[in-house]
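Spelled out from the first residue to the last, the chains are:
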Amino acid sequence: MHHEHDSASPWALETLAIRTGHDRTGEQEHSEPIFPTSSFVYGSAAEAARKFGGEEPGNIYSRFTNPTVRTFERRLAALEGGERCVATSSGMAAILSTALALLSAGDEIVASRSLFGSSVSLFDKYLGKLGITTRYVELSNLEAWEAAMTPATRLLFAETPSNPLSEVVDIAALAEIAHRHGALLAIDNCFLTPALQRPLTLGADLVIHSATKYLDGQGRAVGGAVVGRDQELEEVFGVVRTCGPCLSPFNAWIFTKGLETLELRMRAHCQSAQLLAEWLASHPAVTRVHYSGLASHAQHALAARQQRGFGAVLGFEVAGGREAAWSVIDATRLLSITGNLGDVKSTITHPATTTHARLSDAQKSAAGIAEGLIRVAVGLEAVEDIRGDLARGLDALI
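Being a predicted model, the structure only gives us computed values, none of them experimental. (Residues numbered from 1 in each chain as written. Predicted model: local features only at pLDDT ≥ 70, side-chain atom pairs only at ≥ 80, totals over all residues. Heavy atoms only, no water.)

## Focus on the nonpolar core
The condition that has to hold: Put simply, buried Ala, Val, Leu, Ile, Met, Phe, Trp, Tyr and Cys residues joined by side-chain atoms within 4.5 Å make one nonpolar core. Residue exposure (1.4 Å probe, protein chains only): buried if accessible area is under 20% of the type maximum, exposed if over 50%, otherwise partly exposed. Each helix is a run of H or I in the DSSP string that is no shorter than four residues. Each strand is a run of E no shorter than two, and both are numbered from the N terminus. Contacts between residues were defined by any pair of non-hydrogen atoms, one from each residue, lying within 4.5 Å.
With 36 residues, the main nonpolar core has Phe72, Leu76 and Leu262 as its most contacted residues. Those elements that place two or more of their residues in this core are α1 (13-19), α3 (67-80), β1 (84-88), α8 (193-196), β7 (224-228), α10 (249-260) and α11 (262-282). Contacts of Leu76, omitting those with residues within four sequence positions, involve Cys85, Pro194, His209, Leu215, Ala225, Val227 and Leu259. Counting residues in hydrophobic clusters, the runner-up holds 31 residues, among them Trp279, Val286, Leu302 and Ile348.

## A closer look at the pattern of salt bridges
What counts, and what does not: Here a salt bridge means any side-chain nitrogen of Lys or Arg lying within 4 Å of a carboxyl oxygen belonging to Asp or Glu.
This structure, assessed with the given rule, holds 20 salt bridges. For Glu176, the salt bridge identified is with Arg180, shortest N-O distance 2.8 Å. With Glu176 and Arg180 both in helix α7 (residues 171-180) and four residues apart, the pair spans about one turn of that helix. Judged by relative accessible area, Arg180 falls into the partly exposed class, the value being 48%. Note that Asp205 is salt-bridged to Arg229, the shortest N-O span being 2.9 Å. One end of the pair, Asp205, is in the loop between α8 and β6 (206-210); the other, Arg229, is in the loop between β7 and α9 (230-243), with 24 residues separating them in the sequence. With a relative accessible area of 30%, Arg229 lands in the partly exposed category. Residues joined in a network through salt bridges with shared partners are Glu32, Arg75, Lys257 and Glu260.

## Things to note about the pairing of strand β2 (residues 108-112)
To keep it simple, the criterion reads: Two strands are said to pair when DSSP picks up at least two bridges between them. By definition, the crossover connecting two strands over a helix is right-handed if that path, from the first strand to the second, turns clockwise as seen with the strands pointing away from the viewer.
Of all five residues in β2, five are buried; the element is thus mostly enclosed. Along β2, one buried face is formed by Glu108, Val110 and Ser112 and the opposite face, lined by Ile109 and Ala111, is buried too. Bridge count between β2 and strand β3 (residues 133-137): five bridges; the pairing is parallel. The residue of β3 that forms the bridge with Ala111 is Tyr136. Between β2 and its parallel partner β3, the chain crosses via helix α5 (residues 117-129), and the hand of that crossover is right-handed.

## Focus on the environment of Ala87
Position of Ala87 among the secondary structure elements: in strand β1. Between the C-alpha atom of Ala87 and that of Arg74, which follows or precedes it by 13 residues, the distance is 9.9 Å. The contact partners of Ala87, leaving out residues within four places of it in the chain, are Val69, Phe72, Glu73, Gly224, Ala225, Val240 and Leu247.

## Thoughts on the environment of Pro245
Of note, Pro245 is situated in the loop between α9 and α10. Remark: the alpha-carbon pair of Pro245 and Ala87, spanning 158 residues in sequence, is separated by 8.9 Å. The residues touching Pro245, leaving out its near neighbours within four places in the chain, are Thr88, Ser89, Ala93, Ser97, Val239 and Val240.

## A closer look at α7
To be explicit about the condition: What the arc describes is the spread of directions from the helix axis to the C-beta atoms. By the criterion applied in these results, polar contacts are pairs of N or O atoms within 3.5 Å in which, for protein atoms, one can donate a hydrogen and the other can accept it, and in which residues neighboring in sequence qualify only through two side-chain atoms.
Considered for burial, the residues of α7 that qualify are Ile171, Leu174, Ala175, Ile177 and Ala178. Mapping the buried residues of α7 onto a view down its axis gives an arc of 160°, with all of them on the same face. Next to the buried residues of α7 lie α6 (142-148), β4 (153-159), β5 (184-188) and α12 (300-306). Measuring from the backbone nitrogen of Ala172 back to the side-chain oxygen at the start of α7 gives 3.2 Å, which picks out Asp170 as the cap. Positive backbone phi, approximately 70°, marks Gly182, located one or two places after α7.

## A word on the sheet that holds strand β11 (residues 347-349)
Quick reminder of the rule: All axes are obtained by fitting lines to C-alpha atoms, using only the stretch in contact for helices, and the reported angles, taken between N-to-C directions, cover 0 to 180 degrees.
Reading across from one edge, β8-β9-β12-β11-β10 is the order of the five strands in this open sheet, with mixed pairing throughout. In the strand order of this sheet, the two ends are held by β8 (286-290) and β10 (336-337), each with one partner. Most of the contacts of helix α15 (residues 383-397) go to strand β9 (residues 313-318), to which it runs at about 20°, and overall it touches β8, β9, β11 and β12 (373-377).

## Focus: the state of the cysteines
What is meant by a disulfide is a covalent connection between two cysteines, made through their sulfur atoms. Rules: In plain terms, two cysteine sulfur atoms within 2.5 Å form what is called a disulfide here.
Within the structure shown, the criterion is met by zero disulfides. Not engaged in a disulfide, the cysteine Cys190 finds its nearest cysteine sulfur in Cys270; these two sulfurs lie 14 Å apart. We classify Cys190 as buried; its relative accessible area is 6%. Cys243 takes part in no disulfide bond, and the closest cysteine sulfur to it belongs to Cys246, at a distance of 11 Å.

And the structure:
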């Protein structure tokens, strides 16, 4: 079998990322094929009846299962050390499907206040409509998580490290709080990926990905995934199957090929981000750098303990607020001005007016999103070129 590898696999992560998930067809192909088909054919009416009735495994319709999507799901599950993975049409669809699968009216979520803006909108506006309440707490403050728990709390949800301030939460300690209260812990792992952090091995119940980011790694396709135990994932699969936020075979194939170089890419991203963070910390125009790889970061020791690397996203602040930040961004010639990240191409953005623009001033202030804050997602260009591109604007501020 090419895919039966659990968290106790004898294979290293790099090997799992290249070898798991693919069942060769009769063509004996070496690379994974794409199955761009909406439906699948049966040899007889009786076979169709058995498959529709669930008596016999097999593909029925690509909204339910597709061989290309299955290869990606198996491979990501192997990398995260999970029993099962369900792929979705986007990272947001992964969060929505998880919530619809596991929560009912009257249930409560406790979430980090340092969440992706769309996640906050999803919880407040759309899940709120369904009678699901969300309370937000400071990511790293375990006492605040504990205090927010009630008998109705069913799910804890966090991104660690946070965007764009690189705040970190102790996943094992958070899992302990969740389980003591009979709740599940979901960790959005799209910033670090299983190459740098495996939340399930630290006690989390669910891992959520925007595969759009580092799993693809080259900014080509939109998709998402949920990984965890078969018990919860069967419910998530039910939502995807019935409500339809399924992943296209073509995008699944792109993500599968992305996983093959994931470990190499993440190592290179981290190396450049570390060099850049250290250089920024020494630049006279920079008042503060947010990156958990810096010894000056408040949670550097925790990050070093639960992560195998510090990731590629860093934030830094300049004096002079929005005007100064925009001048640094506009002086770049190489970096792409875009809110996206997880790409081989370095990107730069002003969080207060883009990724976090929908937050109120009070929410921005609570989340530490200052007007002088700039976020860089460090790509795989030569680090001296990235540094030179940022120096153009920063040197002009001195």
